[in-house]
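Next come the chains, spelled out residue by residue.
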Amino acid sequence: MSTIAVVNRRGENCGSFDIPDELLVKDRGAQAVQDAVVAFQAGRRAGTASTRGKGAVAGSNKKPWKQKGLGRARAGYRRSPLWRGGGVVFGPHPRSYAKSINRKTLQLAFRRVFTEKLAAGSLRVIENFDLPDAKTKSMAQLLKDLALTGKVLVLAAELPPALERAARNLPQLALVRAQDVNVCQLLEYPALLAERAALEAIMQRLRGKKAVAEG
């Protein structure tokens, strides 16, 4: 059983949260994490690169000059890939780079990364995000009171407009619902700040009660 201290907005201890050891994965899942990251990053690729082959380049099939007698190299048409302005050989065309990944593999990757964050002491739990107003300085003061610096991933059970407004102008802070956080986000941000209700949602995901969000 892993126990995490729960603090209030001023950083004062106001309880604890227990995470059963059977929900954590320490000795496997490294390949699952690799597969999840590759699938997530591949899915983000636009795949919009496009070139025109010789069939799409403007020009007729008329032979530019006669085959023999001029001392020039033979040429069949102006759309040849060998000519400037001609078609492109084996150029890219719009495509999808998306990769499929097994749901259980994705869940294993999520459990492994969360376990590592927990073991590293990167997770802080707050009772709730009851900010006095929807201003950036209120969120900045909260992070200062909790001694959180650098890149911080904030996990909330829900995203009320006031919380989104308070967090959106802090460049090193990302706000996401606990139900939607993915493996890449957990890996990208060194520090995690979760409210108690959000951690409850994370526990449901660790138990497999709800499908893990893609990536």
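Residues numbered from 1 in each chain as written. Predicted model: local features only at pLDDT ≥ 70, side-chain atom pairs only at ≥ 80, totals over all residues. Heavy atoms only, no water.

**Things to note about the packing of helix H1 (residues 30-44) against helix H2 (residues 103-119)**
Spelled out, the test is: Orientation is described by axes fitted as lines to C-alpha atoms, over the contacting stretch for helices, and by angles from 0 to 180 degrees between their N-to-C directions. Numbered from the N terminus, helices here are DSSP runs of H or I no shorter than four residues, and strands are runs of E no shorter than two. Reported orientations rely on four angle classes, namely roughly parallel under 35 degrees, roughly antiparallel over 145, roughly perpendicular from 65 to 115, and oblique for the rest. Crossing handedness: left-handed means the near helix sits turned counterclockwise from the far one by under a right angle, and right-handed means the same turn made clockwise. Throughout, a contact is declared for two residues whenever any of their heavy atoms are within 4.5 Å. The residue classification treats Ala, Val, Leu, Ile, Met, Phe, Trp, Tyr, Cys and Pro as nonpolar and Asp, Glu, Lys and Arg as charged. All others, Gly included, are polar.
Where H1 meets H2, the closest approach of the two axes is 8 Å, and the angle between their N-to-C directions is 110 degrees. Considering their axes alone, H1 and H2 lie roughly perpendicular with respect to each other. Considering how the two elements wind past one another, H1 and H2 form a crossing that is left-handed. Counting all contacts with H1, which are made through Ala30, Ala32, Val33, Asp35 and Ala36, the residues of H2 involved are Thr105, Leu106, Leu108, Ala109, Arg112 and Val113. Taken together, the residues of the contact of H1 with H2 break down into eight nonpolar, one polar and two charged.

**Quick word on the sheet that holds strand S6 (residues 191-195)**
Two modes of strand pairing occur in sheets, parallel and antiparallel, and in both the strands are linked by backbone hydrogen bonds. This is how it is decided: Any two strands between which DSSP finds at least two bridges are classified as paired.
Strand order in the open sheet made by the six strands is S2-S1-S3-S6-S4-S5, with mixed pairing throughout. With one partner strand each, in any of the chains shown, strand S2 (13-19) and strand S5 (173-177) form the two edges of the open sheet. Going across the sheet, the axis of each strand differs from the next one's by a mean of 30 degrees, ignoring polarity. Bridge count for strand S4 (residues 152-156) against S6 is four bridges, and the pairing is parallel. Among the inter-strand pairings, Val154 is bridged to a residue of S6, identified as Leu193. Contacting strand S1 (2-7), S2, strand S3 (123-126), S4 and S6, helix H6 (residues 196-207) runs over the sheet at an angle of about 5 degrees to S2.

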